4 protein chains.
Amino acid sequence: MVDNKPTPLFKVNSPNVTYTEDAIHSKYSYQTTFVTTDASGSLVAEPVTSDFEFVTQTKVPRTGLMMVGLGGNNGTTVTAGIIANRENISWKTRLGVQTPNYFGSLTQASTVHLGRDLHSGKDHHVPLAKMVPMVDPNTFVIGGWDISAMPMIEAMDRAQVLEPDLINQLKPHLQGMVPLPSIYDPDFIASNQADRADNVIPGTRAEQLAQIRSDITTFRANNACEQLIIVWTANTERFAEIIPGHNDTADNLLRAIEANHPEVSPSTIFAVASILEGTPFINGSPQNTFVPGVVELAERYGVLIGGDDFKSGQTKIKSVLVDFLVGAGIKPLSITSYNHLGNNDGMNLSAPSQFRSKEISKSNVVDDMVGSNPILYKEGA
Amino acid sequence: MVDNKPTPLFKVNSPNVTYTEDAIHSKYSYQTTFVTTDASGSLVAEPVTSDFEFVTQTKVPRTGLMMVGLGGNNGTTVTAGIIANRENISWKTRLGVQTPNYFGSLTQASTVHLGRDLHSGKDHHVPLAKMVPMVDPNTFVIGGWDISAMPMIEAMDRAQVLEPDLINQLKPHLQGMVPLPSIYDPDFIASNQADRADNVIPGTRAEQLAQIRSDITTFRANNACEQLIIVWTANTERFAEIIPGHNDTADNLLRAIEANHPEVSPSTIFAVASILEGTPFINGSPQNTFVPGVVELAERYGVLIGGDDFKSGQTKIKSVLVDFLVGAGIKPLSITSYNHLGNNDGMNLSAPSQFRSKEISKSNVVDDMVGSNPILYKEGA
Amino acid sequence: MVDNKPTPLFKVNSPNVTYTEDAIHSKYSYQTTFVTTDASGSLVAEPVTSDFEFVTQTKVPRTGLMMVGLGGNNGTTVTAGIIANRENISWKTRLGVQTPNYFGSLTQASTVHLGRDLHSGKDHHVPLAKMVPMVDPNTFVIGGWDISAMPMIEAMDRAQVLEPDLINQLKPHLQGMVPLPSIYDPDFIASNQADRADNVIPGTRAEQLAQIRSDITTFRANNACEQLIIVWTANTERFAEIIPGHNDTADNLLRAIEANHPEVSPSTIFAVASILEGTPFINGSPQNTFVPGVVELAERYGVLIGGDDFKSGQTKIKSVLVDFLVGAGIKPLSITSYNHLGNNDGMNLSAPSQFRSKEISKSNVVDDMVGSNPILYKEGA
Amino acid sequence: MVDNKPTPLFKVNSPNVTYTEDAIHSKYSYQTTFVTTDASGSLVAEPVTSDFEFVTQTKVPRTGLMMVGLGGNNGTTVTAGIIANRENISWKTRLGVQTPNYFGSLTQASTVHLGRDLHSGKDHHVPLAKMVPMVDPNTFVIGGWDISAMPMIEAMDRAQVLEPDLINQLKPHLQGMVPLPSIYDPDFIASNQADRADNVIPGTRAEQLAQIRSDITTFRANNACEQLIIVWTANTERFAEIIPGHNDTADNLLRAIEANHPEVSPSTIFAVASILEGTPFINGSPQNTFVPGVVELAERYGVLIGGDDFKSGQTKIKSVLVDFLVGAGIKPLSITSYNHLGNNDGMNLSAPSQFRSKEISKSNVVDDMVGSNPILYKEGA
C-alpha cells in the first residue's frame, strides 16, 4: 500500500517557503544577465532578477502511464521493470539471483545535495524522489498503443531484453494485456515495419485523432486515474515538413488534420490528442513531433509537452564528454561512436529518412558546444 | 609588446560592481543551506547567505614562473609551448605545418557565458582570459630547478614529446638555459631516478631551504618580477608520514627542518620556501606535500597554496563520467583504465611507495561520488 | 545408442594404406632437413626421410574421462556440455532458445581438406572426427576429483557460467554426482583456495598416490571402461623445483614420493598414478607437472602424457598473430593483453608464485617466434 | 656496389638439386589427393604425385620497378624507403633518430626454417632473401606513371606519410623525378580524383596502349635494365563488366582496345601493355583488371601476372584470425572492422562503385573459410 500523501523527509525553514494544507508554496529569485552594447561599442553586462512562485501539491494523484509503442523494446522493458519492482519479483540469472531496483532512474536512484549539517559539518544528500511529493512509479497504471497486436507476454520474448526466468514470473501479471491499435503511416515510419503493422486504427487523420482521444478518456475512466502521462516510445519517424498554412499555427494544424493533410505525422496526432485531453505528452524519439502548431496548441490549453529523443545512451555520454572537453579549452576534432542497435532501432535506421531525424537531433548537442567557444572553433571554419 | 593594463572587453552595470583607478570592487552574496534536526527527528533545511567583496587589481604584474622539475617532460613542454606562442614559431610535421596555440589551457582557450543579448537574444560567450585582467602566459619569465643539469635544449630531445623541427627553431631562445640545482632525497623519490640526479643542493634540510629561498629572491631581482608563481611538476614522491610534534603545526615543521628531520619531503621544503618568500605554490603531483604544518604556515603568511595532482588525463575523464553516471542514478560497478605512461612517470610508478601516492589521490575522486548516493551505494557495502 | 565401429566416411586407395579386420595400417614418409657446416664454413642442407607406420584400431573403446578439478568452472562446464549434447537438451536464454553443439571443439567441429574431386574439381572437406575412428564425446563416462565436496548440481551454480534453464534441466542427470576427494597442498596451490578445501585425501604422498590409483581402478571397473583419460583442469600450481636426486629420474621420483618429499606437487602425484595405471594424462595448467622423473616414467611404461596449459584464449590468439606478423617480416615491439579472468583463476593469479607459472608458460610462445627471426630481433638485443 | 652473383649462404646436398654455371636445377615431387566416389557412394581418396623441375638463374638481372600511381601514397613511400635504405639515410623523429630498414617486407625481413643442425640440434633459420639468388631492392631503378604531374619531392609532402627530416634529406635524390603521364578515365576512377588529373595521356585506348608500350621500352633502354616489373598501385577502379565478344578472349580484348570500347579499364590497358612488352605485371588494387582476355594473353606470351589487392592491413589480419578460428572449430558470427583510410583511399571509397570493388574482393577471403567447414556453417544458412 502506498501512502499518497507522504510525510516529508525534511522541512525548509525560510520566509520563502510556506506550507499549507494542500501545497508547498515557494518563492525563488532567478538571477541572469542581459548584455547590451554601449555607445563606444563595448559590451555592458547587467544583472537581472526574475521572481517565481512555485506551488507544489502535496497530494500525489493516482497516475496512469500510456505508452505509444507499448509492445516494443522500451514499452515491454518499462512495464516489466515496474511490475517486478511493485511485486518484488527476484529472478535467476547466470550470475546469481537478481532483485529488482530502480537503478538508472533519475528520479528514483539519484540524490540531491540538501546542505551541510550545522553541527557535524557532514553533507546531507537526499533522494530526488523525496525532495517534493512525487508519484511512486510502482503505483503507475500502465497501458498504451502499438501497431502490433502481439500480447505483452509474447512481446517480451520478442524483445530479447529480459531473462527467461523474469518473463516467466511476470506472466500472471500480464494476462490479457494487449496494446490498443495505433496509427500506422508508412510514409513516416520505415517501410521495414510493415510486417508488424497488424493493429492499426483505420480511417482519416480526423478519425484517428478522435479514436486516440476516446482511448484516453476510456483508460482514465476505467482505471479511475486522476492524472495521465502519455509517452511516445515508438519508432523514429522522418521529419515532417513545416508548411505555412498547414502546421505553423494551432488552428492551421487542426484544420490540416480535419483535411487529412498527408504531412501530419502519427506522433503529431498523438500529441494533439493529449493536449486536447489535458494530458502531458513526452516525445522520446528525435523527430519534430512538436511542429509550431503543436507548441501553440499546448500553450493555449496550458498542457505540458516536452522531449526530443531520450538521449539515454551514447548521445548523452558524447554530450557529457564534449561539454567537459570544450569547457576545459580542449578542441575535439571529431567524434566517432558505434551504435549497438536494438533490433527495431537498427531496422529503422536503415531507412534513410528516419536516420536523418536521428542525425539532426544528435548533432544539435555538439553544435551548441561548438558555438559557445569561438577560440577553439572560429566562426565559419 | 603586451599592454599590462588591458582595455576591458565589457563593463558590468550593477550596484554591486564599482571600478576605481586601480581595481574592480565587486560584492557577491553566496547562498548555501545549513541542515539541522528538529525535536521530531526530521531534517530542517535553512538557507544562509554569506557576503563577499572581491578586489581585482587592474594592473597585471610582471610575473615569473618557476618550475620544480624544469627539465622534465612537463617542464620542457610548457617552456617550449610558451616560447613558440610568444615568438609565433610554426613547425613542420608529417601532417603539415603546425602553428602554435593555447588549446588545452583552461584560462586561454575556454569561454564563459556572459549573458543573453537584450536585443538579439543571442548568447554572449567571453574568453575566460578576458573576464578580469589576467597575466598573458606569453609574458611569463621562465626558470626553475631540476635534479638533472641537462641544458633545456638537450632535455627537450630527451623528453621525446616535441617535433624535431620545433626543437630546432627553439634552440636560439633556450641558449644557456640550465635548471638550478634541486633537492634530491632518494627516500622520497623512486630509486630509478638516481641516474638523473647530478644537479643537487648539498647539506641539511635547513641549508636546502635557505638555498631555495635565495634562488627565489635572486630570480625575482634579476628578472625584475613583481610576482612569482612556483609549481611542483617534478616526480611523484611517496606520502610523508604525519607525525605529531614534527609536521602537524607550522612551528613544529619549521623546527623539524631545522633539526633535519628525515620525514620532511623535498616538495614540502619547496612549499615552505615559497610561503616564506610570499610566493604562491602549486603542487602538481599527488603526494601530501601540504602536511598540516604547511597549511598553517600558508595561512599565517597569507600565501596561496593549492593542488594535489594535475589530474589532467584519465583521472579527470573518469571523474567526469562517474559524476555524470552516479548523478543520473546509474551505478558503475567498476572502473578500469589504462595508463599510457610518459617515460619518467612509468619508471616512477614501478616503485611501490610512489604508486601508492597516485592510488590514494585518484581514489578520492570516486569516493566522493559514491558517498553522495546511498541509494546506489549502501553504507558499508 | 552409439555404434562403436563406425562405417568409414571414405577409403584411401593407396599402396601405403591397408585395411584389416581390426585396424587401419598406414605408412608415412616424413621428410626433414639436416644442416651441417662444410670445410669452407658454409651451411649444407641435406634432406632426410624417416618412415613411420601407424596402426589405428577401428573399434573405439568405451572411454571414461576423469577430471582433476571436476567441480570447478572447467569441470562443470565440460560435464554440462557433454550431457546437454548427449541428451539433446535445449534451453531458454534472453536471446531465444539455444540448442547444444560442439562448436569450439577441435575434434568435433573442425574439418580437414581431404582432396580435390577428380571430376567436379571441387574441394572435399571432411570432419576431423570422421578421418579415423574416434571416440564420440557423447559416450564419455564422466568422473573425477575435487578438493571441494560440493555436489555437481550446486557447483554449476557456483561457476556462474551456465544459463539457469540449462542447469535446471541437467539436474536429473547429475543426481548424486559428487567429486572424489582430491589432494590439497597449500604450498602449491594459492592460499585463497583454503576455503574450498573440504574434500581432501589425508596422509602422506605415498598414501595419496595409493588412493588415486585405487580411485582409477575402481572407476574403470564400476563403469566397465576399456580406456580412461585423466585431465588436470584444477588450479595452477607454483613451479616445482627440479632437485637432483629427487625428481630428476623415474626412480628418484618414486623414492621421493615414498619419502613424502615436500617438493612433489599434487599434479605430479596424479600424473604418476595415471602412468602406473597405464592411463594417458593431460595437463591443462601451466605448471611443470612433468618434471624429468615423470617423463622418464611415462616412457618406461609407454603411457602418453602431454599438455602445458590449455592455451585456449588470449595466449592462443597472441601466438597466432605473432606467428603471422614475424613470419611476414613485421616486428612487433610489445604485446599487451587483458585477461578477463574466471572467478577462481583470478583468485589464483593474485598469488605471486602461481602467477609466475603462468608467466613462464606464456612467454615461451613468443620466445620461439623471436628466436626464429634474427633479422627483426638481433641476438642479445 | 652490389654483387649481382651472390655467394650462396648454403648448399643443398641432394640428388634432386644440381648446380650449373648459370643456374640451380631442382626437382620437386608435389603430393596431393584426388577424390572420387565409388559404386557404394563412399568417397575414395587417392594420393597423386606431380613432378616439377625448377630452374633458378644464379645471375640476378638489373631490374627496373615501374609503378602506376608513382606519386601517390604507396608510390612515394616505396620510393622513399628504397632510397633511404640504399643511401643509408637516418632521420630525426620525435622519439629519436630512426635508421632505415626493410622491416615489414616479406622477402627482406622474414626467415625460413632451413633445418635442424645435425650436431647441435639447434634450428637454422635463413633469411628468405638468401634462399635463392634474388634482386636486392636497393638496386631497383624506379620510375612510373601518375595522373598528377606533381614532382616526387612535393608529392611526398602531400602524402603526409613521411617525417619532414627524411623528406628533406631525400630531396637531392629526387631532383627532377616527375611521373610520366598516365591514363585517366573518369568512368572507372572516383570522380573526386578529377582535381589531381593534370598529367594524362590523350587519345583513344589504342593510342594510350601504344604510349604505355613506348614508355616501357624507353625506360628499359635509358636505364639499361635487363628486367622490369610493373605494379598497379593507383586508385581502386570500379569492376569492369565481362562482355562476351569484347573482353572474354585475348583477341577480342585486343580488338576492343583497337575499337576504343568504353568497358576497357585503364588498369587493363596497363596490363596488356606489360604483357605485350614481356614484363610481369602485379595488380595491387581489388578491381578485376585481369578480365579473361588478359589472362589468355598472358598465357599466350608466357608473362607472369598476379595480384588482386595488396591485402596488407586489416584484410590480412582478418583472414589470419578467421582461418585460425574456423580451423579450430570456433564459429565467428560476424566480423567488424574499422578502416583507417589513407587520404586518397578514403575519398575513393566514398564513391559507391569503387567501394563495391573493395567489398567483393574482401569478402572472398572469408567465404573460402566458411565454405570449408559445413559443420559450423551449414550450406544455405
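You'll find the structure just up there.
In this text the structure is predicted, and so the values were computed from the model without any measurement.

**Q** What should I look at first to understand the interface of chain A and chain B in this one?
**A** Interfaces are often sized by the accessible area lost when the parts come together. Facing 50 residues of chain A, the contacting portion of chain B comprises 50 residues. Buried surface at the junction of chain A and chain B, both sides included, amounts to about 4200 Å², of which 68% is carbon and sulfur. Together, A:Val35, A:Leu43 and A:Ile375 form the three largest contributors to the area buried by chain A at its contact with chain B, with a combined 14%. Our enumeration of links across chain A and chain B arrives at zero salt bridges. Counting every contact that joins chain A to chain B gives 20 residue pairs in polar contact (both at pLDDT 80 or more). Listing elements by their share of the side of chain A that touches chain B, those giving two or more residues are β1 (10-12), β3 (23-37), β4 (43-57), α2 (106-109), β8 (111-117), β9 (123-127), α9 (314-327) and α11 (352-372) of chain A.

**Q** Explain the sheet that holds strand β10 (residues 141-145) of chain A to me, please; I cannot follow it from the model alone.
**A** Two modes of strand pairing occur in sheets, parallel and antiparallel, and in both the strands are linked by backbone hydrogen bonds. Residue and element names in this part refer to chain A. An order of β10-β5-β11-β12-β13 is seen for the five strands of this open sheet, with the pairing classed as parallel. Both outer strands of the open sheet, β10 and β13 (305-306), are each paired with one neighbouring strand and no more. Two elements, strand β5 (residues 63-68) and strand β11 (residues 227-232), share six bridges in a ladder whose sense is parallel. Counted as the bridge partner of glycine 64 is leucine 228 from β11. The strands touched by helix α1 (residues 73-87) are β5 and β10; relative to β5, the strand with the most contacts, the crossing angle is about 155°.

**Q** Hey, could you run me through the sheet that holds strand β13 (residues 305-306) of chain C in this one?
**A** Residue and element names in this part refer to chain C. Pairing in this open sheet of five strands is parallel, and the strands run β10-β5-β11-β12-β13 from one edge to the other. Strands with a single pairing partner mark the edges of an open sheet, and in this sheet they are β10 (141-145) and β13. Note: strand β5 (residues 63-68) against β10, five bridges, orientation parallel. Residue glycine 64 lies in a different strand from β10, and its bridge partner there is valine 141. Relative to β10, helix α5 (residues 205-222) is tilted by about 165°, and along the sheet it contacts β5, β10 and β11 (227-232).

**Q** Looking at this structure, how should I read the interface of chain A and chain C?
**A** Listed as interface residues are 10 residues of chain A and, on the opposing side, 11 residues of chain C. Summed over both sides, the interface between chain A and chain C buries roughly 980 Å², with carbon and sulfur atoms accounting for 46% of that surface. Across the contact surface, chain A and chain C share zero salt bridges. For the pair chain A and chain C, the interface holds five residue pairs in polar contact (both at pLDDT 80 or more). Each residue belonging to the side of chain A that touches chain C can be placed in one class, and the counts come to four nonpolar, three polar and three charged.

**Q** Mind showing me how you'd approach the pattern of salt bridges here?
**A** Where charged atoms from two side chains of opposite charge come close, those side chains can pair. For the coordinates displayed, the defined rule picks out 36 salt bridges over all chains. Two residues, A:Glu263 and A:Arg238, come together in a salt bridge whose shortest N-O distance is 2.8 Å. With A:Glu263 in the loop between α6 (250-258) and α7 (266-276) and A:Arg238 in the loop between β11 and α6, this residue pair connects regions lying 25 residues apart in the sequence. As far as burial versus exposure is concerned, A:Glu263 and A:Arg238 are alike and both buried. With a shortest N-O distance of 2.9 Å, C:Arg86 and C:Glu87 are connected by a salt bridge.

**Q** I tried to follow the relation of the copies chain A and chain C on my own but got confused; where do I start?
**A** In summary, the two copies of the chain are related to each other by a rotation about an axis coupled with a shift along it. Laying chain A over chain C is done by rotating through 180° and shifting 0.1 Å along the axis; what remains is an RMSD of 0.1 Å. Accordingly, the operation relating the two chain copies is best matched by a two-fold axis. Taking C-alpha positions as the reference, the residue of chain A nearest the rotation axis is A:Asp165, at 4.0 Å.

**Q** I would appreciate a short explanation of the pairing of strand β5 (residues 63-68) of chain D in the present structure.
**A** Regular strands show a simple pattern: their side chains alternate between the two faces of the sheet. Burial of β5(D) is extensive: six of the six residues sit out of reach of the surface. Where burial is concerned, the two faces of β5(D) agree: the one with D:Thr63, D:Leu65 and D:Met67 and the one with D:Gly64, D:Met66 and D:Val68 are both buried.

**Q** Help me out: how do you make sense of the pairing of β8(A) in this one?
**A** Direction of pairing for β8(A) relative to β9(A): antiparallel, over a ladder of five bridges. Bridge assignment links A:His113 to a residue of β9(A), and that residue is A:His125. Linking β8(A) back to β9(A) in an antiparallel pair, the connection comprises five residues, with A:Gly121 at a positive phi of about 80°. Looking at chain direction, β8(A) and strand β3 (residues 23-37) of chain B are connected through two bridges and run parallel.

**Q** I keep staring at empty space enclosed by the protein and nothing clicks. Help me out?
**A** Empty space among the atoms becomes apparent when a probe as large as a water molecule is rolled across them. A full pass over the atoms with the stated rule returns one cavity of 30 Å³ or more. Roughly 30 Å³ of internal volume is contained in the largest cavity. Contributing to the lining of the largest cavity are A:Lys92, C:Asp157, C:Pro164, C:Ile167, C:Asn168 and C:Lys171. Looking at which element gives the most residues to the lining of the largest cavity, the answer is helix α4 (residues 164-174) of chain C, with four residues. Looking at the lining of the largest cavity residue by residue, the class counts come to two nonpolar, one polar and three charged.

**Q** What am I meant to see in the environment of A:Val161 here?
**A** Tracing the backbone through its elements, the reader meets A:Val161 in the loop between α3 (152-159) and α4 (164-174). A C-alpha to C-alpha distance of 7.3 Å links A:Val161 and A:Thr77, two positions 84 residues apart in sequence. With sequence-adjacent residues up to four places away left out, A:Val161 is seen in contact with A:Asn73, A:Thr77 and C:Arg94.

**Q** Is there a simple way to explain the packing of aromatic side chains in this structure?
**A** All chains considered together, the criterion is met by 19 aromatic pairs over all chains. Ring geometry for B:Trp145 against B:Phe270: centres 5.0 Å apart, planes inclined by 70°, an arrangement best described as edge-to-face. Here B:Phe270 lies in helix α7 (residues 266-276) and B:Trp145 lies in strand β10 (residues 141-145), a separation of 125 residues in the sequence. Assessed through its relative accessible area of 1%, B:Phe270 is described here as buried. An aromatic cluster is present here, built from A:Tyr30, A:Phe52 and A:Phe54 joined pairwise through their rings. Its guanidinium or amino end placed over the ring of A:Tyr19, A:Lys11 lies 3.9 Å from that ring's centre, counting from NZ or CZ.

**Q** Can you walk me through the side chain of A:Glu263 in this structure?
**A** Residues and elements named next belong to chain A. What makes glutamate 263 buried here is its relative accessible area of 12%. At 2.8 Å, the side chain of glutamate 263 and the backbone nitrogen of glutamate 241 are in polar contact. Not counting the four nearest positions on each side in its chain, glutamate 263 is found in contact with Phe188, Arg238, Phe239, Ala240, Glu241, Ile243 and Asn247.

**Q** Looking at this structure, I do not really get helix α6 (residues 250-258) of chain D. What am I missing?
**A** Because an α-helix packs 3.6 residues into every turn, residues spaced three or four apart end up facing the same way. Residues and elements named next belong to chain D. Of the positions making up α6, those classed as buried are Ala250, Asn252, Leu253, Ala256 and Ile257. Considered in projection along α6, the buried side chains sweep an arc of 165° and stay on one side of the axis. The outward face of α6, more than 90 degrees from its buried face, is lined by the exposed residues Arg255 and Glu258. Elements that come into contact with the buried residues of α6 comprise α5 (205-222), α7 (266-276) and α8 (292-301). Of the residues trailing α6, asparagine 260 is marked for its positive phi of about 60°.

Rules used in this analysis
- Residues numbered from 1 in each chain as written.
- Chains lettered and ligands numbered in written order.
- Predicted model: local features only at pLDDT ≥ 70, side-chain atom pairs only at ≥ 80, totals over all residues.
- Heavy atoms only, no water.
- Contact = heavy atoms within 4.5 Å.
- Buried area = accessible area lost by both parts, 1.4 Å probe.
- Salt bridge = Lys/Arg side-chain N within 4 Å of Asp/Glu carboxyl O.
- Polar contact = N/O pair within 3.5 Å; in protein donor to acceptor, adjacent residues only side chain to side chain.
- Helix = DSSP H or I, 4+ residues; strand = E, 2+ residues; numbered from the N terminus.
- Pairing = 2+ DSSP bridges.
- Axes fitted to C-alpha atoms, helices over the stretch in contact; angles between N-to-C directions.
- Nonpolar A, V, L, I, M, F, W, Y, C, P; charged D, E, K, R; others polar.
- Buried < 20%, exposed > 50% of the residue type's maximum accessible area, 1.4 Å probe, protein only.
- Least-squares fit on C-alpha atoms with pLDDT ≥ 70 in both.
- 1 Å grid on protein atoms, 1.4 Å probe; cavity = no way out; pocket = protein on both sides within 12 Å on 5 of 7 lines; lining within 4 Å.
- Points joined across faces, edges and corners; volume = space filled by probe spheres on them.
- Phe/Tyr/Trp six-rings, centres within 6.5 Å; stacked < 30°, edge-to-face > 60°.
- Lys NZ or Arg CZ within 6 Å of the ring centre and 35° of its normal.
- Arc of directions from axis to C-beta.

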